[in-house]
Each structure stands twice: as C-alpha cells, then as structure tokens.
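Fold and contact review
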Amino acid sequence: MKVLIIMINLLFLATQSLAENLTPSQDRQNLLNFYKKKFPDKKIAEYTYGALMFSEDAKSQYHSIMQFAPFEEDIDNGQRIWETPFKNGKYFADCFPANGVGEAAKYPLYDKNLDKIITFEMKINDCLEKNGENPFAHDDIKTMGIITSYARKLSDGFPTKVVIDSKKALSKYQKGKELFFKRMGQLNLSCASCHISHAGNYFRDELISPAVGHTTNFPVFRGGEFLFTLHMRYQRCMEAMRVKPFRAGGQNLSELEFFHSFLSNDLPLHSSVYRK
C-alpha cells in the first residue's frame, strides 16, 4: 500500500508539472481530486486549518489560543497604522474600494498596464507612494507585517477570488506553477515535494500541510509571537532547502503566490492566526 501511494504521488507530480496545457481550473481540480483520494475523510473547508486539519487535538488547542490570541496587540498596532492619516490627510482605506473590506481576497492580481503581478502588499505600498509617503519594506515585520495583520483581517470570511482572464495573466500563473514544482537547492526539493507528495506526513515532529488553503491565513504568528508574511514564509522554506531565497515583494515570489493562491479559490480568508 505504501509503495502504491508513493507511485501515485510521483505520477501526479510528473504529470502536473509537465502539463502546461491544463487550465488553472483543471490544475486546481486535479489537485483537489488527488487530496480527496489521499484524505477521503477531509472536507475542503478543513484545508484552511493547514496541518492542523490532521489532528483534532491540535485544532482544539488552536481554537483555545485564538480566543485570547497573544498577538492581538500586534493586530491593534496594525489598525493604528491603517487608521493614521497621511500628511495630506488621506487614509489607507481611501485607496481601496469599500475601504478595504473584502479586498485582500482579490489579490494577487495581474495588472495589464504594468504587465506584472500585484500583491496586496504591493497595493499598500502603491497607496503610500501615491500619497507622498515612503513605501514599506516587504520583509519589515514592524511595518508591512503589522499593517497586513490588520488589513487582511478586513477580508476575513470573504472567499479567495484570484482571477486569470488573459493570456498574459496565464503566463504569469504558469511561471508561478513552474517555480512551485521546481526542485532546487542542496536538498533538491520543491514546494510540491512537501506540500503535495508528503502532505499529511511528519517531517521531524511536525505534520506537513497541503498546498490548498495555505494562502488563506497569512500573515501568521508562528508560536503565537513570530509574525510571517507569505513571502517571508516562502523565503524560510527556500532557506530550509539550502537555496538563496528570492526577494520578498519581487516578481518570482509574487508569481508563485499568484499560482498558489489560485489553488485556494473559493476558500474563505481568515488572516492573522496562530501556527505552531
């Protein structure tokens, strides 16, 4: 049985990584079908829990922690930044439809005028610059990390809606997909190596989460105190693979996020949560 599971994993990875003719919706459905066979008792809504979905005890502990989250002060600080006026008297909320409510669920998106992927964090920096302020560093926890810990929560409960509606957007998606499946570093691993073929298995003392649902929770507070944006988490994974990480906020990781987020389409956002 174990040999059969390994063969199924390898076959999926081989066909998925090479099948560039598949549409994004087909990619997503194939992956959902794969997980359904691997975890037949799990409903798709559970994937927003990440690795916690595999342990009722872990989920119970998670809900207890979230009742009195030790990082509430960080989220409150993010709200203060969001609600502090710029020098010109305008606010972050003025840069977004509906004052930012539900907006994070639409990102990343392809900007045809710039011919690039725009993440929610990039939109925040665009807002700063258009209002005469200095942009935040994408890997600065005290600015970009803190403000997104609040701003993304304005979209809690909204379903992920990443749109791919042009050939150029599809090209960016394919680049993200290629990076997701690309083996790299001294360990010759890829994102897919862990989060598809080994999802649900233990690595040392931790269960590995499935790729679907990943992007719905960021930023996360690992151990309840260490804030990680999604790009920072990508960087830590690359370091674990012993490869030099791509720049946070750069197009490599933004395209990866574009692909990665599409896999979680229709799953609701629940940002700024506890993770082990």
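First things first, this report covers the structure right here in the doc. Everything numeric here is computed off the predicted structure, so don't read it as measured data. (Residues numbered from 1 in each chain as written. Predicted model: local features only at pLDDT ≥ 70, side-chain atom pairs only at ≥ 80, totals over all residues. Heavy atoms only, no water.)

**What to know about the packing of aromatic side chains**
The description of two aromatic rings rests on the distance between their centres and on the angle between their planes. Under the criterion given, the structure shown has 17 aromatic pairs. Relative to Phe39, the ring of Tyr35 has its centre 6.1 Å away and its plane inclined at 25°; by these criteria the two rings are stacked. An identical accessibility class is assigned to Tyr35 and Phe39; each is buried. Between Tyr35 and Tyr47 the ring centres are 5.7 Å apart and the planes differ by 40°, which places this aromatic pair in the tilted class. Placement of the pair is Tyr35 in helix 2 (residues 24-38) and Tyr47 in the loop between helix 2 and helix 3 (56-67), with a sequence separation of 12 residues. Each member of the pair, Tyr35 together with Tyr47, is buried. Ring pairs connect the aromatic residues Trp82, Phe86, Phe92, Phe96, Tyr107, Phe120, Phe136 and Tyr150, which therefore count as one cluster. Just above the ring of Tyr49 sits the side chain of Lys59; from NZ or CZ to the centre is 4.9 Å. When the ring centre of Phe96 is taken as reference, the NZ or CZ atom of Lys123 above it lies at 6.0 Å. (Phe/Tyr/Trp six-rings, centres within 6.5 Å; stacked < 30°, edge-to-face > 60°. Buried < 20%, exposed > 50% of the residue type's maximum accessible area, 1.4 Å probe, protein only. Helix = DSSP H or I, 4+ residues; strand = E, 2+ residues; numbered from the N terminus. Lys NZ or Arg CZ within 6 Å of the ring centre and 35° of its normal.)

**Some words on the nonpolar core**
Grouped together as the largest cluster of nonpolar side chains are 69 residues, with contacts concentrated most on Tyr35, Trp82, Phe92 and Phe180. Sequence-distant contacts of Phe92, that is, excluding residues within four places in its chain, are made with Ile81, Trp82, Phe86, Ile124, Cys127, Leu128, Phe136 and Ile147. (Core = buried A, V, L, I, M, F, W, Y, C linked by side-chain atoms within 4.5 Å. Contact = heavy atoms within 4.5 Å.)

**Looking at the pattern of salt bridges**
Scanning the model with the defined rule gives 14 salt bridges in all. In this structure, Asp156 engages Lys153 in a salt bridge whose closest nitrogen and oxygen atoms are separated by 2.7 Å. For Asp156, a relative accessible area of 25% gives the class partly exposed. Ionic pairing is found between Lys172 and Glu255, a salt bridge with its closest N-O pair at 3.8 Å. Taken together, the residues span a long stretch of sequence, with Lys172 in helix 7 (residues 167-181) and Glu255 in helix 10 (residues 251-262) at a distance of 83 residues. On the accessibility criterion, Lys172 (11% relative accessible area) is buried. On the accessibility criterion, Glu255 (8% relative accessible area) is buried. Here the salt bridges share partners, and the residues they tie into one network are Lys42, Glu46, Glu56 and Lys59. (Salt bridge = Lys/Arg side-chain N within 4 Å of Asp/Glu carboxyl O.)

**A closer look at the state of the cysteines**
What is meant by a disulfide is a covalent connection between two cysteines, made through their sulfur atoms. Under the defined criterion, the tally for this structure stands at one disulfide. Here Cys95 connects covalently by a disulfide to Cys127, the sulfurs 2.1 Å from one another. Residues Cys95 and Cys127 are joined through a disulfide that is right-handed, its torsion about the S-S bond being 70°. In this pair, Cys95 is assigned in the loop between helix 4 (72-83) and strand 1 (109-111) and Cys127 in helix 5 (residues 120-130), connecting sequence segments 32 residues apart. The exposure class of Cys127 is buried, given its relative accessible area of 1%. Its sulfur unpaired, Cys191 is 6.8 Å from the next cysteine sulfur, which belongs to Cys237. (Disulfide = S-S within 2.5 Å.)

**Quick look at the environment of Lys172**
Taking the C-alpha atoms as reference, Lys172 lies 35 Å from Asp205; in sequence the two are 33 residues apart. Apart from the residues lying within four places of it in its own chain, the contact partners of Lys172 are Tyr110, Asp115, Lys116, Ile117, Glu255 and Phe258.

**Regarding the packing of helix 9 (residues 230-240) against helix 10**
Interhelical geometry of helix 9 versus helix 10 gives an angle of 105° and a closest axis separation of 10 Å. The angle between helix 9 and helix 10 places the two elements in the roughly perpendicular class. Of the residues in helix 10, those in contact with Leu230, His231, Tyr234, Gln235 and Met238 of helix 9 are Leu253, Ser254, Leu256, Glu257 and His260. Looking at the contact of helix 9 with helix 10 residue by residue, the class counts come to five nonpolar, four polar and one charged. (Axes fitted to C-alpha atoms, helices over the stretch in contact; angles between N-to-C directions. Parallel < 35°, antiparallel > 145°, perpendicular 65-115°, else oblique. Nonpolar A, V, L, I, M, F, W, Y, C, P; charged D, E, K, R; others polar.)

**As for helix 9**
Every buried residue of helix 9 is accounted for by Leu230, His231, Met232, Tyr234, Gln235 and Met238. Packing partners of the buried residues in helix 9 comprise helix 6 (141-151), strand 6 (226-228) and helix 10.

**What to know about unusual backbone geometry**
In this structure, the amide linkage connecting Tyr107 to the following residue, Pro108, adopts the cis form with an omega of 0°. Position of Pro108 relative to the elements: it lies in the loop between helix 4 and strand 1. Backbone torsion omega between Phe218 and Pro219 reads 0°, so that peptide bond is classified as cis. Assignment of secondary structure puts Pro219 in the loop between strand 4 (206-207) and strand 5 (220-222). Phi angles above zero are rare outside glycine, and Asn188 is one such case at about 55°. By the element assignment, Asn188 lies in the loop between helix 7 and helix 8 (191-197). Note on Asn188: relative accessible area 42%, which makes it partly exposed. Of note in this structure, Arg242 is not a glycine but carries a positive phi near 65°. Its place among the elements puts Arg242 in the loop between helix 9 and helix 10.

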